[in-house]
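What follows is the residue order along each chain.
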Amino acid sequence: MKMSGAEITIKLLERQGVRTIAGIPGGANLPLYDALGQSGEIKHILTRHEQGAGFIAQGMARVTGKPAVFFATSGPGATNTLTAIADAKLDSIPIICITGQVPLSMIGTDAFQEVDTYGLSVPITKHNFLVRSAEDLLKVIPEAFRIAASGRPGPVVIDVPKDVQMAMVEFDQWPEPGVPDATPELFRGEIEHAASMINRAEKPVLYLGGGVIQSDSASQALAVAEKGAIPAAMTLMGLGTIPTGHPLNLGMLGMHAARYTNLALEECDLLIAVGVRFDDRATGKVSEFCPNAKIIHMDIDPSELDKIKTAHASVRGDVADVLGALLPHIERRNRTGWNSRIEALKAAHPMIVPGADDPTSPYGVILKAAELAGDQAIVCTDVGQHQMRTAQVYPFSRPRHWLTSGGLGTMGFGMPAALGAALAAPDKPVICFSGDGSIMMNIQDLATAMEYDIPVKIILTNNNALGLVRQQQDLFYGKRYVASNYCKCVDFMKIADGFGIATYDLGNCPDPEGTLARALAEPGPALIHVPVSPDEPVYPMVAPGAANSQMIGGESHV
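Residues numbered from 1 in each chain as written. Predicted model: local features only at pLDDT ≥ 70, side-chain atom pairs only at ≥ 80, totals over all residues. Heavy atoms only, no water.

Trainee: Explain the sheet that holds strand E2 (residues 20-23) here, please?
Mentor: For sheets, the rule is that strands pair by backbone hydrogen bonds, running either parallel or antiparallel. Strands sit in the order E3-E2-E4-E5-E7-E6 across an open sheet of 6 strands; the sheet is parallel. Each edge of the open sheet is held by one strand with a lone partner, namely strand E3 (43-46) and strand E6 (127-130). Pairs of neighbouring strands in the sheet enclose a mean axial angle of 20 degrees, with direction left out of account. Relative to strand E5 (residues 95-101), strand E4 (residues 68-72) runs parallel, the two sharing 5 bridges. Bridging from a neighbouring strand, Phe70 pairs with Cys97 of E5. Across the sheet, helix H1 (residues 5-15) lies against E2, E4 and E5, angled at about 160 degrees from E4, the strand it touches most. (Pairing = 2+ DSSP bridges. Helix = DSSP H or I, 4+ residues; strand = E, 2+ residues; numbered from the N terminus. Axes fitted to C-alpha atoms, helices over the stretch in contact; angles between N-to-C directions. Contact = heavy atoms within 4.5 Å.)

What follows is the structure in structure tokens.
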């Protein structure tokens, strides 16, 4: 066989099962696009910004659990991808970014649209490649997929100079597609030690994170919880592991948790941390996190073990394997006293949800949308008050149906990630909750939703402010609202209409519930505008650097 480097790349992506690629062409990756145009298997989504392409890839990867691919050209195209790549690194999402680069002979000459993509991406990728010959692509492409999906997943960058894309190569056979490495072998002693600690504990709590989602082990986590009658709290990234409404579900822990969740963790005597990294937004002041508890930490990444909190027992391995091996050793228990105490905490310190029955309120629109969309809906958010409200009250019932930017907290994540989710799961409704600050970060990809008729429903709660920033200024900076209020109002309805997106305004209609139902039921993309007050905070809240027991707001006065 004789092919160009670009043709080899596209054929290898086809062999990896890639069927959708988002991106933007430019001079340095035009050979790749020319080859892509000859593919009968891969659909290209032309985005309006490379960051949007990266988040579309993330949406696909988060829903499917498989590596997704996006393209960018050299220079500004490559630099525009960096936020989406860094976001994937912190949330352990397997994406592969393939960038064009100036020809090899021009690297280092400050050529037009040249930037050191390899050097820039080193700290924010799991691995990266600067491809120096077309023959190397036969190894690099499968290896990139292997690396992205193995162990703790993460992003990989492949930088391909233009002359490498154009060079012709003769070869005899295709390499095998890249597949994840085998999961690491478990140590029986670690499993048995962890099981004995769990069986002896009187007041254990499971602390479930994104690692449970990434390893597709939600069912094993639920089985452990039910067999041992162990309440389970989840990180922002772990929501969906235990269905909302399950009697053992404590909801999200940390900065914006329900009071009873953080108070239960204060009292537990054993914390079983599964696929978590003890993030500061979950733990609060780490020295005062779960002060009475011994800790078991299970994770596939050995660098996470004992990094933030020293564990009394560590188990290194894929958490699906760990939980599966652990389950037979867990004694069936009722733990009636502990679970009765949890119920008492829930009764004394319930989650207060203002305006729950009002579909025009910040919480009410989330709850009504959940009711109308059904339990199959995939939910995406941007970053801000709407994100925390959704995490607090949305009734998540299954994993991989909750997409949000956790580690990096990236405004602009939600809408393009929702596009990726809808492309990956066209049979499921997709809702994106956003805010007026966040949606402006990648609003140009409304045009992408329109062009490809991607049926995402964007619920925009608009307080004409940077809500979480303003809330912290209100609480901790003497109500000095510096650069957190917008001086003039943007007409998002006109903007969306200009992009060819259907619009609905819940703040200016006689039947908000009926309008919301109609918006969610209509085919195609839609923007649902919900004006809200900037003076509606998200409570409870733990002050940055404070202990989780020191929550502000959200008290019950019954």
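Let's pick the thread back up.
Trainee: Which parts of the structure should I look at to understand the packing of helix H11 (residues 218-228) against helix H14 (residues 319-326)?
Mentor: To characterise two packed helices, one gives the angle between the axes of the helices and the distance between these axes. Axis separation between H11 and H14 bottoms out at 9 Å; the angle between their running directions is 30 degrees. Taken together, the axis directions place H11 and H14 in an arrangement best described as roughly parallel. Crossing hand, H11 versus H14: left-handed. Across the interface between the two elements, Gln220, Ala221 and Val224 of H11 pack against Ala320, Leu323 and Gly324 of H14. (Parallel < 35°, antiparallel > 145°, perpendicular 65-115°, else oblique. Left-handed = near helix turned anticlockwise from the far one by under 90°.)

Trainee: Sorry, what's going on with the environment of Arg146 here?
Mentor: Mapped onto the secondary structure, Arg146 falls in helix H7 (residues 137-149). Judged by its relative accessible area of 23%, Arg146 is partly exposed. Taking the C-alpha atoms as reference points, Arg146 and Asn80, 66 residues apart in sequence, are found 25 Å from one another. Apart from the residues lying within four places of it in its own chain, the contact partners of Arg146 are Gly178, Val179, Pro180 and Asp181. Reaching out from Arg146, the side chain makes a polar contact with the side chain of Glu143 at a distance of 2.7 Å. A polar contact of 2.6 Å, which involves the side chain of Arg146, links it to the side chain of Asp181. (Buried < 20%, exposed > 50% of the residue type's maximum accessible area, 1.4 Å probe, protein only. Polar contact = N/O pair within 3.5 Å; in protein donor to acceptor, adjacent residues only side chain to side chain.)

Trainee: In this structure, what is going on with the pattern of salt bridges? I would like to understand it.
Mentor: Side chains that carry opposite charge are capable of pairing whenever their charged atoms lie near each other. Scanning the entire structure with this criterion turns up 24 salt bridges. With a shortest N-O distance of 3.3 Å, Asp87 and Arg62 are connected by a salt bridge. Remark: Arg62 occurs in helix H3 (residues 50-64) and Asp87 occurs in helix H5 (residues 82-91); sequence separation between them is 25 residues. Between Asp216 and Arg400 there is a salt bridge whose closest N-O contact spans 2.9 Å. (Salt bridge = Lys/Arg side-chain N within 4 Å of Asp/Glu carboxyl O.)

Nothing here speaks to function; it is all geometry.
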